[in-house]
Each structure stands twice: as structure tokens, then as C-alpha cells.
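Listed below are the residues making up each chain.
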Amino acid sequence: MKRTAKMVAASVLAMSLLGGTQAWASSASLSRDGLKNSNGGLMVDVTTFAGLGDDGSSDAPRPIATFRAPSALLIKEDGTMLVSDTRNHLLRSVQGDQVGTFAGIIPWKDSKGQPVGTRLDGKAELSIFQEPMGLASDAGGNVYVADAGNHAIRKIDAAGNVTTIAGNGLIGRKDGKGPDATFDHPQDVAVAADGTVYVADTLNHVIRSIRTDGSTSTLTAPSDRLIEVTPGQVVNAGDYLDGDIAQAKFNEPAGLVLDAKGNLYVSDSGNQRIRYMDFSTGKVTTVAGANEAAAGQLYNKQDLYAPGSFADGDAGKAQFNFPQGIALTPEGGLVIADSMNHSIRYLLDGKVTTLAGDRHQQTGETDGVEYGAAFLKPMDVAISTDGSLYVADAFNNKVRKLNAYQLPPSLPQDDRIKVVVGSNVIAFDAQPEIVNGRTMVPVRAITEALGYTVGFREEDRSVQLTKGDVTIELSIDKTGIQRLEKNKQPLSKTMDVSPYVKEDRTYVPVRFFAEEIGMDVQWDDATRTAILRPATNIIK
């Protein structure tokens, strides 16, 4: 779908209602300090950080730059974001408000106009990649690339020179030094403090390591499970086994991250699990993920993968659907790009919660609050030095940004009832109050803050709140609420509290009105504050 300036402007409008962006507080504990919604999840605002959404390779300001299936992210120490622009066969950079090209060129396009990749070392601006995916960096500023389509691991040094440190472009599973080693679509890399590069060798279903002398070794056991996917076509499928590292088995491992102890988390995509490789004990364990078959046979005879599903809760009972890229938060939690659930999940202290994504796992590209935002196959996540969380939203051709919602600093520190819209505190000339457990607010201040006009019809004592073609009608001392929209049938609902007049002010229940116009409403009991945010950037 082609984007227009009007559509970009809508996103900017939504951000303005949210009060701009805020940092994912890196110094705070998200689980302890983050504001929670009524379901116990973290309150999050999702915005589009870069990408118009169309296929393309245009270097441009962030809102109008274009990508083709961005699949991996790396944030360097200087704050530059690198993006594996997989189907463009490029590495892109985001510095400030500008998207550029960090490494690679598009040598030619095929008959359908799609970029074609190959392999060429040399200066970054003249090098060529083929479906680059996972990214990592070391203390010296070198960048490592899982060049999946070339079945190789590439390195871009601090001077901008590209070399192939392992692999030769051929599919295989052979250990050896430099070009003598072979891989099969490696999807991610992680670099240890001693310079060892770990590789998720995805279609070989193993974890590999590359030492500083260029020697590649296989750390885990290969799978011997064969599946006939079509008559006469047999493929080597992955398998599942915890235990000693040398005997452990994986199914299309796709994401890697090292923790502070130097141990490795692995996103085991085909097994719908998160695994942990502890080098001090020499063991692999499963730290999150289960499915309906977990109690018995994990695979049926012809299954390539364990069945995927969706469930939050205890880590051992949580369910994923092709988890991909992973990243560690400052508090030791693991953020997971749950690609086929089109969601961003969070593992912390033995529990899995959903940070963002449509509550029904529906696809889309809308920005908004945690459950109102939608993704389309998110492939990776990255956390910046200020704690902000970014998502490679691959099939939307965008990079998205997640901010933990924070109350505005100007919020009064008292016991009065307060209302905020995004980061703006609403000023009332008469104080809101709670009636039968509902927050009642003077109608004019709240509606004008949201861009609505207020009307009153004396004959039936009804209040009309109007914006564009939409009118929300409430009646004094009656519990009905009606939504009127041009060329649509009226919609009526019953509230459990009715509007009333007090000291010449009309009070309405803020939740019912706000939800009718597409706002998310939460209550923070600690500060006695009703929090209103646009559920999506589609402003009603």
C-alpha cells in the first residue's frame, strides 16, 4: 500500500496526543516501577521510528525512508542504529533523523525489479551482501553480520573494511578455519568478551562458535530427524533435547544474546522455546515455552516444527509462535520478537507477559498503546543505551519504537483526582470526583482537550459531544450513551453511572466517553489519576 503525506501526518498527530516520546527508563526496574494497565501488563506507547512502509531502498529522513524486510537491529555505542535491510541486501544506518546506507550496494535487479545479492569483500561502500540478518559488535567497534544468503559470517571493521571471517558461500555443516567452514542460512551472531563469535546456524539446527583465530566449531548436536515434505523430497528437520551442550538439539535457532555471565540465550524458533546455554555448567536448559504436545511426543511424524500458540504466564507454560530476535533489558529481562504472533513478549523472573501487539495477534501497522498497536512479523528487538526499545517490523518495512508510559512530571503531587491525556495534565475549573467507583469529570474541559465541541439540548436534557461526523450523546440522570456517525446506524450502550449537573457543571463518566472515541483509559491508584491515551493512531 502506498503511503501519503496525510498518512504520515496522522502518525505525527497521534504522537502529539501522546505528548511525544519518552525513554524506556534504563535505570529503573520495569517490573517494579513501570505503570501497569488493568490486565497487569506494562503500559507502553508504540510509534513508528523509521520507514514509510513501502518497499524500497531510499535514503531519506526517517519518516519517508524505505526498506525491504528489515530483519535485525544493532545500536552502536555512539547511538547509531544499524539495520539489516535483508531483501535489499544492505546494511542501513539511522543517525539522528536520517536513514543512510552503512554497507553494501545493490549490484542489479531481477526481471521483477527485486534487488539481487551476492558476495564481495572490500570497502563497505563497495561491498555486497546477500540477505544479511543478525548483527553484533565487539569492544573494538567491529560489526559482525550473519550473511544468511551467503551462508557466511562477515565482519566490518572500524575502518569500514568488509571481510568474510567464516564460510565460503556454499551450503554445508563443516568445521574448519575461515573459508573451510560451511554454514546453512545462519541468522544471528553474538560476540563474547574474549572475541568468540557465536552463530545461530539456523538450517543446520546447531550453535557454532568462531574463535579469534578464525576456527569454527560446532557446539551442539546435529539433528538426524528426516521429514518428507513432499513426495520424494526429504529435508533434515530440527529436534529438541536439553542436557549436556554437546548433546543438546535445536530446531532452527534464530536469535542469540549473551548475558552478563557470558552465557547464551537462544531463541529456538522451530521448537517455540527460549533456551539457555550455560557454559559454566556445560548444560542447555529450556527457560520459557511449552505447547500442547510438550507432555508427550513433541513432534508428529511429519512435523517440521513444534506447534506454535500464544499464552502469557508462567515461563514453563507460556506459548510462542516462531520467536526470533531477543535482547536483554537492564533489569535482566529478555525481550522477544514473537514473529508469528506479531507481538513483543517479555520474560522476567519466570513469567512471560506481552509488551505490545494486537490482543488477538492480528497483523497490522497501526501505532498506539500496548494492545492497540499491531505488527507484521517482527523479527528482532534492540535496546539503546537510554533504555529505549526498538523493533525490526520486517513485513511492514519499518522500525518501530516502544516507550514505557510515564506520567507527566507536572502532575500535581496531592490526593485530588487528576486526568491526563498522554503527557498533558487536564486543567479543570471544578474538581473531578468519584461516584460509585467511576471517575466523573466536568465535561467541557475534557472534551475540549480532545478536540470535541459540547452542545446541550434542553428539551430532553441531553449532552452532545461532537467532532467531525461523530457525536457522542449522553443524557442527564440517565444511563444510556449513544454514538451517532454520519451514514451509519446509531449505536447505543448502557452505562452503570449517569451524567449529572453539579454547581452548573455537567459531569460525565470519563471512561465511557473516552472509550467510545477510541481512547484507552487506565487508572493509577497511587496518584489518583485517570490516564487517557489513543488506543491506536486512527483518531476517531
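Residues numbered from 1 in each chain as written. Predicted model: local features only at pLDDT ≥ 70, side-chain atom pairs only at ≥ 80, totals over all residues. Heavy atoms only, no water.

### Remarks on the overall build of the chain
And then number 1: Along the chain, the regular secondary structure elements total 4 helices and 46 strands.
And then number 2: For the chain, the C-alpha radius of gyration of 26 Å lies close to 24 Å, the compact-globule estimate for 540 residues.
And then number 3: Taking the principal axes of the C-alpha coordinates as reference, the chain spans close to 85 × 50 × 50 Å.
And then number 4: Per-residue burial over the chain gives 55% buried out of 540 residues.
And then number 5: Within the chain, counting contacts between residues at least 6 apart in sequence, those at least 24 apart form 48% of the total. (Helix = DSSP H or I, 4+ residues; strand = E, 2+ residues; numbered from the N terminus. Rg over C-alpha atoms; globule rule 2.2 N^0.38 Å. Buried < 20%, exposed > 50% of the residue type's maximum accessible area, 1.4 Å probe, protein only. Contact = heavy atoms within 4.5 Å.)

### Remarks on the confidence of the model for the chain
And then number 1: A residue-level look at the chain finds 92% of positions with pLDDT of 70 or above and a mean pLDDT of 91.
And then number 2: Counting interchain partners and residues more than four positions distant, the pLDDT-below-50 stretch residues 4-28 has 54 contacts. (pLDDT = per-residue confidence, 0-100.)

### A closer look at the layout of surface pockets
And then number 1: The space that makes up the largest pocket amounts to roughly 1,000 Å³.
And then number 2: Lining the largest pocket are 36 residues, and of these Leu74, Ile75, Ser137, Val257 and Leu258 lie nearest its centre.
And then number 3: Sorting the residues of the lining of the largest pocket by element identifies β2 (70-75), β9 (132-137), β14 (186-191), β21 (253-258), β26 (323-328) and β31 (378-383) as the ones contributing at least two each.
And then number 4: Residues of the lining of the largest pocket, tallied by class, amount to 22 nonpolar, 8 polar and 6 charged. (1 Å grid on protein atoms, 1.4 Å probe; cavity = no way out; pocket = protein on both sides within 12 Å on 5 of 7 lines; lining within 4 Å. Points joined across faces, edges and corners; volume = space filled by probe spheres on them. Nonpolar A, V, L, I, M, F, W, Y, C, P; charged D, E, K, R; others polar.)

### Notes on the sheet that holds strand β3 (residues 81-85)
And then number 1: If you walk across this open sheet you meet the 4 strands as β2-β3-β4-β5, and the pairing is antiparallel. The outermost strands of the open sheet, each flanked by one partner alone, are β2 and β5 (98-103). On average, adjacent strands in this sheet sit at an angle of 30 degrees to one another, irrespective of strand direction.
And then number 2: Note: β2 against β3, 5 bridges, orientation antiparallel. Looking across to β3, one finds that Ala72 is bridged to Ser84. (Pairing = 2+ DSSP bridges. Axes fitted to C-alpha atoms, helices over the stretch in contact; angles between N-to-C directions.)

### Overview of the sheet that holds strand β30 (residues 368-369)
And then number 1: With antiparallel pairing, 5 strands are arranged side by side in an open sheet as β30-β1-β33-β32-β31. The open sheet has two edge strands with one neighbour each: β30 and β31.
And then number 2: As paired strands, strand β1 (residues 44-50) and strand β33 (residues 398-404) are joined by 6 bridges and run antiparallel to one another. Following the sheet pairing, Val44 is matched in β33 by Ala404.

### Here's the deal with the UniProt feature "repeat: NHL" (unreviewed entry) in the chain
And then number 1: The UniProt record marks residues 315-344 with the feature "repeat: NHL" (unreviewed entry), using the residue numbering of this structure.
And then number 2: Measuring from the first to the last C-alpha atom of residues 315-344 gives 15 Å, for a span that is 0% helix and 43% strand. (UniProt positions renumbered as here; feature names shortened; annotations may be inferred.)

### A look at the environment of Ala449
And then number 1: Relative to the elements of secondary structure, Ala449 occurs in helix α3 (residues 443-449).
And then number 2: Judged by relative accessible area, which is 38%, Ala449 ranks as partly exposed.

### Side note on the pairing of strand β27 (residues 334-338)
And then number 1: Burial runs high along β27: 5 of the 5 residues are buried.
And then number 2: Burial along β27 is two-sided: the face carrying Leu334, Ile336 and Asp338 and the face carrying Val335 and Ala337 are both buried.
And then number 3: Relative to β27, β26 runs antiparallel, the two being bridged by 4 bridges. Following the sheet pairing, Ala327 is matched in β27 by Val335.
And then number 4: Taking the residues between adjacent antiparallel strands as the criterion, β26 and β27 are bridged by 5 residues, where Gly332 takes a positive phi near 90 degrees.
And then number 5: Bridge count for β27 against strand β28 (residues 343-348) is 5 bridges, and the pairing is antiparallel. Residue pairing in the sheet places Leu334 in a bridge with Leu347 of β28.

### Quick look at the pattern of salt bridges
And then number 1: Under the defined criterion, the tally for this structure stands at 33 salt bridges.
And then number 2: With a shortest N-O distance of 2.3 Å, Asp314 and Lys351 are connected by a salt bridge. One end of the pair, Asp314, is in strand β25 (residues 313-314); the other, Lys351, is in strand β29 (residues 351-356), with 37 residues separating them in the sequence.
And then number 3: You can call Asp314 partly exposed: its relative accessible area is 36%.
And then number 4: A residue is classified by how much of its surface remains accessible, and Lys351, at 45% relative accessible area, is partly exposed.
And then number 5: Among the salt bridges present, the one from Arg400 reaches Asp367, with a minimum N-O distance of 2.8 Å. Residue Arg400 is found in strand β33, and its partner Asp367 is found in the loop between β29 and β30; the two are separated by 33 residues along the sequence.
And then number 6: What you see here is one network of salt bridges that share partners, running through Asp45, Glu370, Asp520 and Arg533. (Salt bridge = Lys/Arg side-chain N within 4 Å of Asp/Glu carboxyl O.)

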